[in-house]
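Structure at a glance
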Amino acid sequence: MESGRIALVTGGNRGLGWATARALARRGLGVIITYRGDAREAEETVKNVQETGAAAAALRLDVSDVASFPAFVSDLAAQLERWDATRLDVLVNNAGVGLFGSLESVTVDDYDTMMDTNVRGTFFLIQALAPVLADGGRIINVSSSLTRHTSAGTSVYSASKAAVEVLTRTLAVELGPRKIRVNAVAPGPTATDFNGGAMRDDARLREGLSAQTALGRVGEPQEIGDAIAALVSEDLRWVTAQRLEVSGGALL
Ligand SMILES: NC(=O)c1ccc[n+]([C@@H]2O[C@H](COP(=O)([O-])OP(=O)(O)OC[C@H]3O[C@@H](n4cnc5c(N)ncnc54)[C@H](OP(=O)(O)O)[C@@H]3O)[C@@H](O)[C@H]2O)c1
């Protein structure tokens, strides 16, 4: 059903982006992942994705560097041309950063890094790629369950993801005439490198979070990737401007 479609996943070199790239590829989409620094890691991911039988490629992109977006759009166009394509069908804005700390400890640099990456990067990448996105395409923005529940030390990160959710709803209205669906996926605590790998490696934190989650554990990256792939699919073609929380029922 999805064969011939092409998806771009930002921050696809590891974590949830990696799992999303694999989930989309398993459903027959060609996948372009972006990576920020480690070209060798990105090439490994490309090989992983190709193992599913799908086409895959990697392009370098720092989403906080908005001035680099015109050059990135040219790189993307060249990659699409290599696949005899001119359009993207799916954009997953996954790249993001969380720098957690109390009111007193958050620095201006921390604040700017989170806002520049999570909000500014997401908005201007959508702006840059909207002309390349096919009519009828889909955009998924990765938010967080922290926009619904509250923990001390997460204020700026949660605010950045709340902004992502508002962008999602507003851009769903603006891009609706082109039949582009725009939705947000809000993962709960998931075992990746995120926050220093705490949700994966800190047994006490995992235990505490598991006890606060209806399904009794933290999430695995594949569970977020599969949810994003489901939201992209034709089965959910009438869904736009929504926030899908994928958290196993965290902090209900
Ligand atoms: N894991 C969780 O518990 C959780 C929960 C809720 C929401 N999320 C969200 O899910 C998304 C993915 O997180 P994750 O768990 O996969 O975290 P992760 O393992 O730390 O991976 C983060 C990804 O984002 C990329 N990235 C960060 N800043 C970037 C920038 N300026 N330009 C380009 N790429 C950048 C990283 O690239 P590099 O490899 O170059 O650093 C990496 O690919 C994020 O938006 C995060 O906020 C995660």
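Provided above is the structure to which this section pertains.
Residues numbered from 1 in each chain as written. Predicted model: local features only at pLDDT ≥ 70, side-chain atom pairs only at ≥ 80, totals over all residues. Heavy atoms only, no water.

The next point concerns the site of the ligand. The full set close to the ligand counts 28 residues, and Asn13, Arg14, Arg36, Tyr157 and Thr192 are the nearest of them. Between the ligand and Asn94 there is a distance of 2.7 Å, counted from an oxygen atom to a backbone nitrogen or oxygen. Summarising the interface, the protein chains cover 94% of the accessible area of the ligand, which totals 880 Å² for the free molecule. Here the ligand occupies the largest pocket. Contributions of two or more residues to the shell around the ligand are made by α1 (15-26), α5 (155-175) and α6 (194-201). Its residues assigned to classes, the shell around the ligand shows 10 nonpolar, 13 polar and five charged. (Near = heavy atom within 4 Å. Polar contact = N/O pair within 3.5 Å; in protein donor to acceptor, adjacent residues only side chain to side chain. Areas by Shrake-Rupley, 256 points an atom, 1.4 Å probe, with all protein chains shown as cover. 1 Å grid on protein atoms, 1.4 Å probe; cavity = no way out; pocket = protein on both sides within 12 Å on 5 of 7 lines; lining within 4 Å. Sits in = over half its atoms within 2 Å of the grid points. Helix = DSSP H or I, 4+ residues; strand = E, 2+ residues; numbered from the N terminus. Nonpolar A, V, L, I, M, F, W, Y, C, P; charged D, E, K, R; others polar.)

Next up on the list: the pattern of salt bridges. Tallying each qualifying case throughout the model produces 14 salt bridges. In this structure, Arg148 and Glu245 form a salt bridge, with 2.6 Å as the shortest nitrogen-oxygen distance. Note that Arg148 is positioned in the loop between β5 (133-142) and α5 and Glu245 in strand β7 (residues 243-246), a separation of 97 residues in sequence. A residue is classified by how much of its surface remains accessible, and Arg148, at 36% relative accessible area, is partly exposed. The partner of Asp193 in a salt bridge is Arg200, with the nearest N and O atoms 2.8 Å apart. Judged by its relative accessible area of 36%, Asp193 falls in the partly exposed class. The class of Arg200 is partly exposed, set by a relative accessible area of 36%. Connected through shared salt-bridge partners, Arg14, Asp193, Arg200 and Asp201 make up one network. (Salt bridge = Lys/Arg side-chain N within 4 Å of Asp/Glu carboxyl O. Buried < 20%, exposed > 50% of the residue type's maximum accessible area, 1.4 Å probe, protein only.)

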